[in-house]
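Residue-level structure breakdown
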Amino acid sequence: MPVPRYAVFGNPIAHSRSPAIHQMFAAQEGAAIEYERILAEPGRFAESAAAFFAAGGLGANVTVPFKTDACAWADSLSARARAAGAANTLIKQPNGQIHADNTDGLGLVADIRRHFQVALAGKRILLIGAGGAARGVILPLLECRPASLTIANRTAAKARELAETFGASAAEFAELPAAGFDIAINATSGSLSGQVPAIAAKVFTQCELAYDMAYGREPTAFMRFAQNAGAQRSADGLGMLVEQAAESYRLWRGFSPNTAPVLAALRAGEI
Ligand code: NDP
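Everything numeric here is computed off the predicted structure, so don't read it as measured data. (Residues numbered from 1 in each chain as written. Predicted model: local features only at pLDDT ≥ 70, side-chain atom pairs only at ≥ 80, totals over all residues. Heavy atoms only, no water.)

On to the packing of aromatic side chains, then. The description of two aromatic rings rests on the distance between their centres and on the angle between their planes. This model, assessed by the stated rule, comprises 13 aromatic pairs. Centroid distance Phe53 to Trp73: 6.1 Å. Interplanar angle 25°. Geometry classified as stacked. Taken together, the positions of Phe53 in helix 2 (residues 45-54) and Trp73 in helix 3 (residues 67-73) put the pair 20 residues apart, joining distant regions of the chain. Residue classification places Phe53 among the buried positions, given a relative accessible area of 4%. (Phe/Tyr/Trp six-rings, centres within 6.5 Å; stacked < 30°, edge-to-face > 60°. Helix = DSSP H or I, 4+ residues; strand = E, 2+ residues; numbered from the N terminus. Buried < 20%, exposed > 50% of the residue type's maximum accessible area, 1.4 Å probe, protein only.)

In structure tokens:
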């Protein structure tokens, strides 16, 4: 039997921790898998993915900047991938067709619930940002039945468009109410360059959790800002990364990995 092959497509991709994460999942399952990084050239995702699956690949993760391309290329889409307009998981089906899914939102929700033990039902949630990451998590957040979901973005028109599409609310940064949210989620790419969205500190005073989808070695600028503003706790997106990977693994192999030791190994710099 050939070793089952999986991969992650992106550009850049050398930094990706997905191979180490998935190899830990495979060790838990007692399975041997191959999981490689594939650097696709801009505009050539379809060619690259087609070659991988034609050569026997069984499943793939997709990261920046190809999530929209993956959605367009796949033969079929899950409801959440269709809603997001983006896919981070491709699954080869027994009939050879490629099914696309998006596990980012489930990853976020699972991390908030499992690792931070924070319930989302009945909460006032603020989602900051209106790019691909924000779009991918709106439906799973709404499925948790929050009291409200407010989307705010630097370019306000994009937040309004998303809010209309999904039946959420939109607000401009300057309009956000003081102490108005229980959970704030930063889905902007500002953290990657140490920038914090231009939102008043008073907005965060009642937050039980300020969650930044970005992650790195240190707490992000958004995490520090929100905690200084009065948020009880803050979190980075490393747990979301592990949880979205676990959901991909389950979709490929029907095995649900235990994410806690994998997250601990990442935090300790062991993988
Ligand atoms: P996009 O480029 O699609 O969107 C960027 C968003 O950030 C836009 O809403 C943009 O606003 C906003 N933005 C950028 N800079 C600033 C700033 N200085 N102040 C305010 N808003 C700003 O990026 P993605 O949606 O793909 O990714 C967003 C983040 O989510 C990244 O940090 C990424 O690493 C992270 N992510 C984490 C995952 C995980 O598993 N943990 C999974 C997926 C993403 P505007 O519209 O005005 O330009």
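Overall, mixed pairing links the 6 strands, which are arranged 2-1-3-5-6-4 in an open sheet. A strand with exactly one partner marks an edge of an open sheet, and here the two such strands are strand 2 (34-39) and strand 4 (76-77). Contacts from helix 1 (residues 18-29) reach strand 1 (5-10), strand 2 and strand 3 (59-62), with the element oriented near 165° to strand 2. Most of the contacts of helix 9 (residues 238-253) go to strand 5 (residues 89-92), to which it runs at about 10°, and overall it touches strand 1, strand 2, strand 3, strand 5 and strand 6 (98-101). (Pairing = 2+ DSSP bridges. Contact = heavy atoms within 4.5 Å. Axes fitted to C-alpha atoms, helices over the stretch in contact; angles between N-to-C directions.)

This next bit is on the UniProt feature "domain: SDH C-terminal" (unreviewed entry) in the chain. Per the UniProt record, "domain: SDH C-terminal" (unreviewed entry) is annotated on residues 237-267. Structurally, residues 237-267 is divided into 77% helix and 0% strand, and its ends, taken at the C-alpha atoms, are 12 Å apart. (UniProt positions renumbered as here; feature names shortened; annotations may be inferred.)

Moving on, we get to unusual backbone geometry. Of note, the amide linkage connecting Asn11 to Pro12 takes the cis form, showing an omega dihedral of 5°. With respect to the helices and strands, Pro12 occurs in the loop between strand 1 and helix 1. The phi angle at Gln117 is positive, at roughly 50°, despite the residue not being glycine. With respect to the helices and strands, Gln117 occurs in the loop between helix 5 (104-114) and strand 7 (124-128). Exposure remark for Gln117: the relative accessible area of 69% places this residue in the exposed category.

Attention now moves to the UniProt feature "active site" (unreviewed entry) in the chain. When the UniProt feature table is mapped onto this chain numbering, "active site" (unreviewed entry) sits at Lys67. Examined against the element boundaries, Lys67 turns out to sit in helix 3.

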